[in-house]
Amino acid sequence: MYCGTVRVEWKFRPESGTLAMCRPEEAALLRLEEVFSATLARINSLVLQPLLEAAPEASDPWVRECLQLLQQLHRSSQQLWDVTEESLHSLRERLRHPEAVGLESLLLLQSADRVLQVHLEYIESYTCCVAVQAFQKAAKRRSEYWRGQRKVLRQVLLGVSSEGSVGTALLQALRQPLAHHVQQYVLLLLSLGDTIGECHPTRELVIHAAGLFGDLQSFMRQELDQAMATQALWPTLSSRLRDVLCTPARRLLQDSQDVPVTVTPLRAERVLLFDDALVLLQGHNIHTFDLKLVWVEPGQDRCTFHLLTPEEEFSFCSKDPQGLVVWQWKVTQAVCQALRGKKDFPVLGAGLEPSEPPTCRCGAYTFRAEGRFCQATYEGEWYWGRPHGKGTLKWPDGRNHVGDFCQGLEHGFGIRLVPQASEDKFDCYKCHWWEGSMCGYGICEYSTSEVYKGYFQEGLRHGFGVLESAPQAPRPLRYTGHWERGQRSGYGVEEDSNRGERYIGMWQTDQRHGPGVMVTQAGVCYQGTFQADKMVGPGILLSDDDSLYEGTFTRDLTLVGKGKVTFPNGFTLEGSFSSVSGRGLHTQGVLDTAALLPDPSSTCKRTCPEDQVGRMEDLLEELVQHREPKALQQCLRKALSNSLHPLGKLLRMLMLTFQATYAGIGANKHLQGLAQEEVKQHAQELWAAYRGLLQVALQRKGQAPEEDEDAETRDLRVHGLVLPLVLPSFYSELFTLYLLLHEREDSLYSQGIVHLSLFPDARLLEFLDVQKHLWPLKDLTLTTNQRYSLVRDKCFLSATECLQKMITTVDPREKLEVLERTYGEIEATVSRVLGREHKLPMDDLLPLLIYVVSRAQIQHLGAEIHLIRDMMDPLHTGGLYDFLLTALESCYEHIQKEDMRLHRLPSRWSSREPW
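Everything numeric in this text was worked out from a predicted model, so none of it was measured.

Caption draft 1: The arrangement of helix α21 (residues 812-834) in detail. For α21, which comprises 23 residues, the first-to-last C-alpha distance of 33 Å matches the rise-based estimate of 33 Å (1.5 Å per residue) to within 8%. One side-chain oxygen at the N-terminal end of α21 lies 3.1 Å from the backbone nitrogen of Arg813; it belongs to Asp811. Downstream of α21 by one or two residues, Gly835 has phi in the positive range, about 75°.

Caption draft 2: Summary view of the packing of helix α16 (residues 711-741) against helix α23 (residues 861-871). Where α16 contacts α23, the two axes come as close as 11 Å, and the packing angle between them is 145°. Along this stretch, α16 crosses α23, giving a crossing that reads as right-handed. Seen from α16, the contacting residues are His719, Leu723, Leu727, Tyr731, Leu734, Phe735, Tyr738 and Leu739; seen from α23, they are Ala863, Glu864, His866, Leu867, Asp870 and Met871.

Caption draft 3: Focus on helix α4 (residues 112-131). The end-to-end C-alpha distance of α4 is 28 Å, a good match for the 28 Å that 20 residues give at a rise of 1.5 Å each. Within α4, 15 of the 20 residues are buried, leaving the element largely enclosed by the surrounding structure. Looking one or two places after α4, you find Gln133, whose phi comes out positive at around 60°.

Caption draft 4: Up close: the pairing of strand β24 (residues 525-531). Bridge count for strand β23 (residues 511-520) against β24 is six bridges, and the pairing is antiparallel. Directly across from Val519, in β24, lies its bridge partner Cys525. Connecting β23 to the antiparallel partner β24 that follows it, the hairpin turn spans four residues, and Gly523 within it adopts a positive phi of roughly 95°. Of the strand pairs in this sheet, β24 and strand β25 (residues 534-542) are connected by six bridges, and their pairing is antiparallel.

Caption draft 5: Spotlight on the sheet that holds strand β8 (residues 295-298). Spatially, four strands are ordered β4-β10-β9-β8 in an open sheet, and the strand pairing comes out antiparallel. Each edge of the sheet is formed by a strand with only one pairing partner; in this case those strands are β4 (262-264) and β8. Within this sheet the neighbouring strands show an average axis-to-axis angle of 25°, counted without direction. Note: strand β9 (residues 304-308) against strand β10 (residues 313-317), five bridges, orientation antiparallel. By the bridge assignment, Leu308 is partnered in β10 with Glu313. The strands that helix α11 (residues 321-340) touches are β8, β9 and β10; relative to β9, the one it contacts most, it runs at about 25°.

Caption draft 6: Just the confidence of the model for the protein, in detail. Looking at the protein as a whole, its pLDDT mean stands at 81, while 84% of the residues score no less than 70. Low pLDDT, under 50, characterises residues 600-619; the stretch is placed with 33 contacts to residues that sit more than four places away or in other chains. Counting contacts from residues 903-915, a segment whose pLDDT is below 50, to residues more than four positions away or on other chains yields 25 contacts.

Caption draft 7: Here's a closer look at the sheet that holds strand β7 (residues 285-290). Strands sit in the order β3-β5-β6-β7 across an open sheet of four strands; the sheet is antiparallel. Looking at which strands have only one partner, the edges of the open sheet turn out to be β3 (252-255) and β7. Taking the axes of each pair of neighbouring strands and ignoring which way they run, one obtains an average angle of 20° across the sheet. Where β3 lies against strand β5 (residues 270-274), three bridges are found, and the strand directions are antiparallel. Looking across to β5, one finds that Gln254 is bridged to Leu273. Taken strand by strand, helix α9 (residues 203-233) contacts β3 and β5, and its axis lies near 60° from that of β3.

Caption draft 8: Seen up close, the pattern of salt bridges. On inspection of all chains with the given rule, the structure shows 30 salt bridges. In this structure, Arg485 engages Glu458 in a salt bridge whose closest nitrogen and oxygen atoms are separated by 3.5 Å. Pair noted here: Arg485 is in the loop between β20 (477-484) and β21 (487-496) and Glu458 is in the loop between β18 (451-457) and β19 (460-468), with a separation of 27 residues, a long-range link. With relative accessibility at 48%, the residue Arg485 sits in the partly exposed group.

Criteria and cut-off values
Every chain's residues receive numbers from 1 upward, in the order its sequence appears when written. Selection of residues for local features in this predicted model requires a pLDDT of at least 70, selection of side-chain atom pairs for listing and counting requires 80 or more, and totals for whole chains, interfaces and linings are taken over all residues. Computation of side-chain values covers all heavy atoms of the structure but excludes hydrogens and water. Elements are defined by DSSP. Helices are runs of H or I of four residues or more, strands are runs of E of two residues or more, and each kind is numbered from the N terminus. Take the residue count of a helix, subtract one, and multiply by 1.5 Å to get its expected span. The term polar contact refers here to a pair of N or O atoms within 3.5 Å; inside protein, the definition further demands a hydrogen-donor-capable atom paired with an acceptor-capable atom, and it admits residues adjacent in sequence only when both atoms are side-chain atoms. Each axis is a line fitted through C-alpha atoms, taken for helices only over the stretch in contact, and angles between the N-to-C directions span 0 to 180 degrees. Left-handed describes a crossing in which the near helix is turned anticlockwise from the far one by less than a right angle; the clockwise case is right-handed. Any two residues whose heavy atoms approach within 4.5 Å at even a single point are treated as in contact. Each residue gets one of three labels from its accessible area relative to the maximum for its type: buried under 20%, exposed over 50%, partly exposed in between, using a 1.4 Å probe on protein chains only. At least two DSSP bridges between two strands are needed for those strands to be called paired. Confidence of the prediction at every residue is given by pLDDT, a number between 0 and 100. Here a salt bridge means any side-chain nitrogen of Lys or Arg lying within 4 Å of a carboxyl oxygen belonging to Asp or Glu.

Laid out in C-alpha cells, this is it:
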C-alpha cells in the first residue's frame, strides 16, 4: 500500500509560459488503484480459481447452488478489476497530460455512480456466499491445499493467522482488500476536495464521489453484519426449517431470541424478521408473511403494535418498550425496503424514500382460508390488508376475475371468466358488482353461445334484460323484457325463430302467464290469455287477409269449438268449428252477410304495465337551469343521447323493447296502429320522467315546484319537444310497419311514377293540364338541338330537389317544413316566369305539385304521408302544414290513378315525340 508524505510536482509548459499543477492526491489515487488491481488479480488466481476448481459437479442441489454463487462472485470480481483498470487509465492520462486532460475526466468523478454499482454487485455476491457458508463448503474439498496456501494468503493480507480456519482466511482474503480500498478512496477524495476552491467546476463531482464511497463504507459494514447474523441463524434451526427458509439472498434483520417479543393470538415460539418476509415459528408450523403485504399499525400504548396481513391480524407485545420500538422500527423499514424492491443505501432506514410505507400498494397473494377466495391468487392494488382498487383474481379451476375491488370484495366494474366442462368453453360476465355479487347492468356471454344484456341483483338477472341465443342454436330464441331473481317475470317479448312466432305479453316464473299477443311469420295475430305457458280460454285471431276469428283454438292456432269468423268484406260466420287431419276445416253455423266491417286496429291490444318514475337521488342541476323551450330541447337532446343519463337509460330500454316487439317476425301490418300509439306513449313517459326529475331537483334546491300540467299542455309539450327527439330511436321499425300496411297503394303509386317519367317536360305539363303561361320552359337556356331533344327534369328543378329532401329526416315537423319550402320554390319559379309576384290558387297549385312529385320520385310516399299525418303536432291541425299535407295526399292519390289513364291515351302521346 502507498503511504508516506505526498510531494507536490510542478510541470512547466514553455509554449504557454504557464504552470500546470498535478495534485499529489491524484498521484496517490494512481498508486492506490495500481495496488488494488494487482491485489484483485492475485485473489482471482490464488482464491477464486481454486475455489471453483475445488467445487465438484455434484447431484446435491445445495452444492450446485454454492458453485453458482462462487461463479457469480468470480464475475463480479472480474467486473471490479475491469473498472479499476479503467480508473487507472483515466488517472495515467491525467498525470501524463495534465494541461490537456481536466480533473473531471477521472472515472471516479465522471462515472462515480457506475463505479459504485460495480462495488455493490461485488458486495452482494460476497455476502450471499457468506450467508450460506459457500466458502467453507467449497474449501472442504481441498482442505490440505488451503492449509498450504496460508503463507501465500498472508502475503496478500495483513492479519491472516496461521491458526484460524481456512474459511475465515478466505473471508478475509475476499473482503479486506476491498474494505481498505474504499476507506482510502474516501480519505483521498476528501483530501482532494480540500485542495479545490469553492467555485471550481469539479468540486461538486469530488464531493459527490466522496459522499458515495463514504456511504459505501457504512453499507458494507451493515451488509456483512447481516450476512454473518444470517449465517449464524441457520445452525440454530432444524434441517426442515432450513430447507424452507434458507436462500442466499435472504438476510436476517431481527430475531426474537435477541430482542424478546410476544405475538398474539398465534403464540409464536420464535419470530424472525428477514428482509423479505416475517416468519413466525409455532411448533412444526411455519407462518410466513410477505413484507410487501404487511401493514404496521401503532398500538394504543407503548407496549403493543399491530400487523395486518391479507388473512390475519395479530399484535406484537413486549414488557420492554425499547425492544418493542426496535421491532416496530425494523418491521416498518423492512416493509419499505421490500416495496422498493431493493436494499436501502447507505443503510436500512436511511434511504431517500419516505420511511413510512404507503397504505395503498400493489402485490400478489394466494388465499388459504376457507371461503370464496380459497386457493385464489389476487394480484393488484391493496389497502390495509384488503384487495382495494384494480386487480386480478385467479382460481386453480380456471376462474378469472379482472376489475375493481373495495375492502376485499368485487365492487365496481369487473369481467369474470368461468370455465365450463367442455374444453376451451367459458362463461364471460362483464358487469357491475356490488360487495361481491353482480348488481347493475352487465353483459354475459355464455359457453352455450347465449348472450344476456341487462341488469342483475345479487348475482341473478333482475330488472330489464335481453337474452339471445346464437342463430345456429338448436332452438334460436330471443327474450326482451323483465326478470325477477333469474326468471322471466312481468312484461316481455320472446321470439322463436324455429316456429316463426313472437309472444308479446306477461310472464311469471319463466312461463307465459297473463294477457298476451302471439304473432306468427305467416301473418296470423292472436290475442288472448296464457296460463302456465299455455293458451287458455277464448281469444281473438286475426289473419293476414284481415279475417277475424273470436273463439277457442289449439296451441298451433287451429280453430276448434264455438267461435265467430268475420271476413274482410264484413260477412260473419258463427257456429262450431273442427279440424280433421288431411280434410281441412269443418264448420256448422250461420253466415250473416249484413254485418258491418270491423276495425282491425281495435284488435290485438297490448297490455303494458305503466312505467313508474321512482324518486331519483341524483340532482340534475342542468334541468333546473334550462327550462325555456329552446334551452330545454337542447338539454333533453343531450340527456336522451347519453346512455348514462337516467332519461337516456329509459329511452334505451324502451327502444330495445320496441325493437324486440315489432322487428323481424313481429313486423306485422296489423300492429302498425299499436306501434304508432306506443311511440307517442313512450314520448309521454319520457316527459313524465323529466317532470319527475325536475320536481325532485327543485325540491332539493328549496324552490317551489312547477304546477301540474293539464292534458292539452302536456300533449303540446310532448309533440313539440320530446317526440321529435325520440322518434329516430323507433323510426326504423315503425316505418317498416307503415310500409307493410300501405304496400298496395305504394305499389300503384310507383307504377304511376314509372309511366309519368317517360314524358318529356312539355308533354307532362300539358298532360297534367298545367296552364301554359305558367310553364318555365321559356326561362331555360337551351340550344337549338336541345329544343328538339327529349328534355326532361329541367322544369321546376329547385322545387323537385327541395322535395327530395323530405326523406333525409325523420322528424314530421321537418318533413312538413320541406313541403312548405317546396311550395315556396314552385311559387318563386312561377313568379319569375310571370315577371311579378304571384300566389297560386289550388286549381293551379295541384297540377304543378303533381308534376314536382312525379319528378322527385320519392319511394313509399304513401307510408311517408301517413306517418307524418299520424305523428304531426296537433298544433298544426287546420293550419298551413295541414293544407299542404292534404295537397300532397291528393297528388299521391292522383298519381295512383294516372296508371289507368295512361293506358287509355291515344298514340299521339308517344314519349318519343319531340316537344
